[in-house]
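Geometric and topological summary
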Amino acid sequence: GESVGLHLPTLSVQEGDNSIINCAYSNSASDYFIWYKQESGKGPQFIIDIRSNMDKRQGQRVTVLLNKTVKHLSLQIAATQPGDSAVYFCAEGNNAGNMLTFGGGTRLMVKP
Amino acid sequence: NAGVTQTPKFRILKIGQSMTLQCTQDMNHNYMYWYRQDPGMGLKLIYYSVGAGITDKGEVPNGYNVSRSTTEDFPLRLELAAPSQTSVYFCASRAQGWYNEQFFGPGTRLTVL
């Protein structure tokens with residue numbers, strides 16, 4: 001079936017460096033993509049989203065890039081901080097975001 | 001606003017027991033969702049609702065039931081608990097409309113022994 005997956009299960013970065021978390025999706029009908037952050041013992045927290053008619057969107061210290069040609073999504077975190085340590089999930093949706101399919105997650109570890 | 005709240009936080013069940021996981025949201029959201037998250041995995045949709053009185057199956061509905069009698073509440077029922085239902089359960093809600101984010105509750109950790 002259609003699925004969303006991630007290239008790297010664990011990413012370790014030095015505090016202050018930039019982080020890039022990647023995600024591949026397979027459903028070409030998806031029109032909405034979201035990144036969630038999940039800290040240990042907590043529910044997922046929305047970070048940033050992007051619609052399929054865009055290829056880049058920026059937030060505070062975060063940027064999401066969408067490459068529809070190769071069905072690839074990435075999350076860039078600038079100046080990574082210890083508080084960024086968490087598991088990051090990408091999710092794809094259709095029907096204007098009513099339904100989401102989640103990927104398997106990438107654990108980001110920030111070294112002081 | 002409290003957002004999405006879930007009770008209990010933790011529960012241990014014996015095989016064959018039943019229980020209801022509670023979910024309440026105070027944001028007047030029409031859409032509500034139940035997901036399960038197995039260790040080291042992403043979230044899988046169990047059931048969802050687009051409004052009071054309307055529910056539908058997600059990807060993994062077997063062994064679960066839901067109801068939606070009010071806008072605020074969306075309980076998830078396990079009738080005959082099985083070890084395969086050991087997981088963390090998350091409830092989420094979102095406002096009706098295009099491209100609105102889902103807000104998640106803190107989760108219920110369920111262990112079936």
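Above this text sits the structure in question.
A brief structural summary. A quick note: this is a predicted structure, and the numbers were derived from the prediction, not measured.

Calculation notes
Residues numbered from 1 in each chain as written. Chains lettered and ligands numbered in written order. Predicted model: local features only at pLDDT ≥ 70, side-chain atom pairs only at ≥ 80, totals over all residues. Heavy atoms only, no water. Helix = DSSP H or I, 4+ residues; strand = E, 2+ residues; numbered from the N terminus. Buried < 20%, exposed > 50% of the residue type's maximum accessible area, 1.4 Å probe, protein only. Contact = heavy atoms within 4.5 Å. Areas by Shrake-Rupley, 256 points an atom, 1.4 Å probe, with all protein chains shown as cover. Lys, Arg positive; Asp, Glu negative; His and termini not counted. Charge placed at Lys NZ, Arg CZ, Asp CG, Glu CD.

1. Section: the overall build of chain A
Across its full length, chain A holds zero helices and eleven strands. In chain A, the order of α-helices and β-strands from amino to carboxyl end is β-β-β-β-β-β-β-β-β-β-β. In terms of principal-axis extent, the alpha carbons of chain A reach across some 40 × 25 × 20 Å. In chain A, buried positions account for 46% of the 112 residues. Taking all contacts inside chain A whose residues are at least 6 apart in sequence as the whole, residues at least 24 apart take part in 53%. If you sum the accessible surface of chain A, you get close to 5400 Å²; carbon and sulfur atoms cover 45% of it. Of the side-chain charges in chain A, 10 are positive and 9 negative, and the distance between the mean point of each set is 2 Å.

2. Quick word on the environment of Gly 59 of chain A
Residue and element names in this part refer to chain A. Relative to the elements of secondary structure, Gly 59 occurs in the loop between strand E6 (56-58) and strand E7 (62-67). Gly 59 gets classed as partly exposed once you look at its relative accessible area, which sits at 39%. Linking Gly 59 and Leu 75, residues 16 residues apart in sequence, is a C-alpha distance of 11 Å.

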